[in-house]
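Architecture and fold: a report
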Amino acid sequence: MRRRTVTAGSLEEILQATAPAPAPAPPTAPSAGAPARREEHALRTEFEFELPRGYVDEAGTLHRHGSMRLATARDELRPQIDLRVKENPAYLSVVLLSQVITRLGTVTDVHAGVVERMYATDVAFLQDFYRRVNSEGHTRAAVTCPHCDSGFEVDLSGGRLGES
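Residues numbered from 1 in each chain as written. Predicted model: local features only at pLDDT ≥ 70, side-chain atom pairs only at ≥ 80, totals over all residues. Heavy atoms only, no water.

1. Quick notes on the side chain of His63
This is how it is decided: In DSSP terms, a helix is any run of H or I states spanning at least four residues, a strand is any run of E spanning at least two, and both are numbered starting from the N terminus. Contacts: residue pairs with any heavy atoms within 4.5 Å of one another.
Relative to the assigned elements, His63 resides in strand E2 (residues 62-69). If sequence neighbours within four positions are ignored, His63 has contacts with Leu51, Gly54, Tyr55, Asp57, Leu104, Gly105, Thr106 and Val107.

Shown next as structure tokens:
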């Protein structure tokens, strides 16, 4: 490592002599006629889904569409110290899902109480969806047609009627 010798002068001279080299200028924006270059490998961190049955809130409103974000290490560790999980290990999935579901219909405050009131089929769907998103990185599943035995992929996140 090289050392620089700075002679005592005014404070401005010392600061100027020890200042880091200026950063290179950012690339100029493309001209209006040129297409903007897209980021090809952007990390997708939020995934939309559609519940098989749906969550019914206190007002009787049915919520089927929602979104789930990727889990962090903290999300997976936090339930381990939760007293409800220590008393009943099966409660782990309820706490975990409540941390990663960011929206359920118009409900934006998804907590353990919301997940507790979901139908068992919806909780099972969300557990599988969580596993697919966090371990495989996508929401597609390979399936085989029971009639013709041909294989194809379906998107588990939901969509229009008949798509998943």
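2. Points about the pattern of salt bridges
So the rule is basically this: Each reported salt bridge corresponds to a side-chain nitrogen of Lys or Arg within 4 Å of a carboxyl oxygen of Asp or Glu. Between buried and exposed lies partly exposed: a residue is buried under 20% and exposed over 50% of the maximum accessible area for its type, with that area taken using a 1.4 Å probe on protein chains only.
According to the stated counting rule, one finds 7 salt bridges in the structure shown. Residue Glu58 is joined to Arg117 by a salt bridge in which the shortest nitrogen-to-oxygen separation is 2.9 Å. Of the two residues, Glu58 sits in the loop between strand E1 (46-56) and E2 while Arg117 sits in the loop between helix H5 (112-116) and helix H6 (120-136), which places them 59 residues apart along the sequence. One salt bridge connects Asp128 with Arg131, and the closest N-O pair in it is separated by 2.7 Å. Of this pair, Asp128 and Arg131 are both found in helix H6, 3 residues apart, which corresponds to roughly one turn of the helix. Residue Asp128 is classed as partly exposed on the basis of its relative accessible area of 28%. Arg131 gets classed as partly exposed once you look at its relative accessible area, which sits at 39%. If you follow the salt bridges from partner to partner, you end up with Asp128, Arg131 and Arg132 in one network.

3. Section: the pairing of E2
For clarity, the threshold we go by: Here, a strand pair is defined by DSSP locating no fewer than two bridges between the strands.
Relative to E2, E1 is paired through 7 bridges, and the arrangement is antiparallel. The residue of E2 that forms the bridge with Tyr55 is His63. The antiparallel hairpin formed by E1 and E2 contains 5 residues in its connecting segment, where Gly60 sits at a positive phi of about 90 degrees. As paired strands, E2 and strand E3 (residues 101-104) are joined by 3 bridges and run antiparallel to one another. Paired with Gly66 across the strands is Leu104, a residue of E3.

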